[in-house]
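Coordinate analysis (summary)
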Amino acid sequence: MPRKLVEEQLIQLLKDDVGQGDVTSTAIISAGLTVTAEVIAKESGIVAGINEAIIFAQVMDLKVKAYVVDGDQVKDTQVLMQIMGNAQTILTIERTLLNLLSRMCGIATATRKFVEKLKTVNSVAKIAATRKTAPGLLYFDKKAVAIGGGDPHRLHLDDMILIKDNHIAVIGGPVKAVKLAKEKTSFSKKIEVEITRATDIIEVAKAGADIIMLDNFTPEDVNKAVQILKKAELSHKVLLEVSGGINSETLLEYAQTEIDIISIGALTHSVKALDISLEIIKK
């Protein structure tokens, strides 16, 4: 994303937090006082969002020195960056900066764990995110997934056709939905369709789906769907994605199937933020 647009999003996040102003900092701290602060990891993890933190500090007229880059593995008590400048400004942006950085690091850390675990049994399949992101943080959440080694999947509704259960409920069936999408959509857009029964897989593949999402399939059901496609000699025509309730305990069972994409909503909808703090070290 262009820097100017990132700046605008960061400022909007700050506006949501500040309201009419930081009455605490302006009440007790001199307007011209300058300080140095350190941003410190309180636990090990993968860094994500350091570029956004730098942009945020700079757009607020603060100086910044980063000691890590996105994708780095960091340890407990490791200093990520220093911020120098107006004390009131640093304290005003502290929580917004830490909230975003902690969340992005948490997403990247969780994603990296899934990716590394998957590679132990399957070097081809991809870990992917979903659109279950925090409101207003879609870009940041998806970027953190990518930094962690995962695939962001689609970013916006205009990226690709993704026919879900409620679309099918309106249209009347997955095959009809795929055929309509093929008729009315540019060749440049991939078409993905969600199915809940392995028996639908042949018809949606023949109808022209590029990706078939196996929704809430067990590993056994995934294997059945794979074998059905193979028997029909259609495996080469589609990618298979599995989604729904997959976690670190069940990941390897799915990885041992011949699946192409494993999408995990928990990467963004309920991830644990990395513990990161900001400490004033020098006045």
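From a predicted model like this one, the values you see are computed outputs, not experimental measurements. Residue positions are given per chain, counting from 1 as you read along its sequence in written order. In view of the model being predicted, local features appear only for residues whose pLDDT reaches at least 70, and side-chain atom pairs are presented and counted only at 80 or more, with totals across whole chains, interfaces and linings using the full set of residues. The basis for every side-chain value is the complete set of heavy atoms in the structure, and neither hydrogens nor water enter the calculation.

1. A closer look at the overall build of the protein chain
- By definition, any uninterrupted DSSP run of H or I lasting at least four residues is a helix, any uninterrupted run of E lasting at least two residues is a strand, and each is numbered from the N terminus. What the protein chain contains, in helices and strands, is 11 helices and 12 strands.
- For the protein chain, the C-alpha atoms occupy an extent of roughly 75 × 40 × 25 Å along the three principal directions.
- Counting over 283 residues, the protein chain shows a buried share of 48%.
- Contacts are assigned to residue pairs with any non-hydrogen atoms lying within 4.5 Å of each other. Summarising the internal contacts of the protein chain: among those between residues at least 6 apart in sequence, 71% fall at separations of at least 24.
- For the protein chain, the accessible area works out to roughly 14300 Å², and carbon and sulfur atoms hold 52% of it. To sort residues, take the accessible area from a 1.4 Å probe on protein chains only and compare it with the maximum for the residue type: under 20% means buried, over 50% means exposed, and anything in between is partly exposed. All accessible-area figures derive from a Shrake-Rupley calculation using a 1.4 Å probe, and residue coverage is judged against the displayed protein chains alone.

2. Structural notes on the sheet that holds strand 6 (residues 126-128)
- Pairing between strands is defined by DSSP: at least two bridges between them are needed. An order of 6-11-10-9-8-7 is seen for the six strands of this open sheet, with the pairing classed as parallel. Only two strands of the sheet have a single partner each, and these edge strands are strand 6 and strand 7 (161-163). Within the sheet, the average angular offset between the axes of one strand and its neighbour, ignoring direction, is 20°.
- Pairing between strand 6 and strand 11 (residues 261-263): three bridges, direction parallel. If you follow Ile 127 over to strand 11, its bridge partner there is Ile 262. Between the N-to-C directions of two axes lies an angle of 0 to 180 degrees, each axis being a line fitted to C-alpha atoms and, for a helix, fitted only over the stretch in contact.

3. Re the sheet that holds strand 5 (residues 79-86)
- Strand order in the open sheet formed by four strands is 3-5-1-12, with antiparallel pairing between adjacent strands. Of all the strands in the sheet, the pair left with one neighbour each is strand 3 (63-66) and strand 12 (276-282). The sheet shows a mean angle of 20° between the axes of neighbouring strands, taken without regard to direction.
- Here strand 1 (residues 34-41) runs beside strand 12; their pairing, made up of six bridges, is antiparallel. Residue pairing in the sheet places Ala 37 in a bridge with Ile 280 of strand 12.
- Against the sheet, helix 3 (residues 50-59) contacts strand 3 and strand 5, and its axis sits at roughly 160° relative to strand 3.

4. Thoughts on helix 3
- Taking burial as the measure, the 10 residues of helix 3 include seven buried ones, the bulk of the element.
- The set of residues buried in helix 3 consists of Ile 50, Glu 52, Ala 53, Ile 54, Ile 55, Phe 56 and Ala 57.
- In this fold, the buried residues of helix 3 make contact with helix 1 (3-18), strand 3, strand 5, helix 4 (87-119) and helix 5 (138-147).
- Just downstream of helix 3, Asp 61 is the residue with a positive phi angle, here 65°.

5. Examining the environment of Phe 217
- Following the sequence through the fold, Phe 217 ends up in the loop between strand 9 (211-215) and helix 9 (219-231).
- Between the C-alpha atoms of Phe 217 and Thr 196, which are 21 residues apart in sequence, the distance is 7.3 Å.
- In contact with Phe 217, other than residues within four places in its own chain, are Ile 195, Thr 196, Arg 197, Ala 198, Val 222, Ala 225, Val 242 and Tyr 254.

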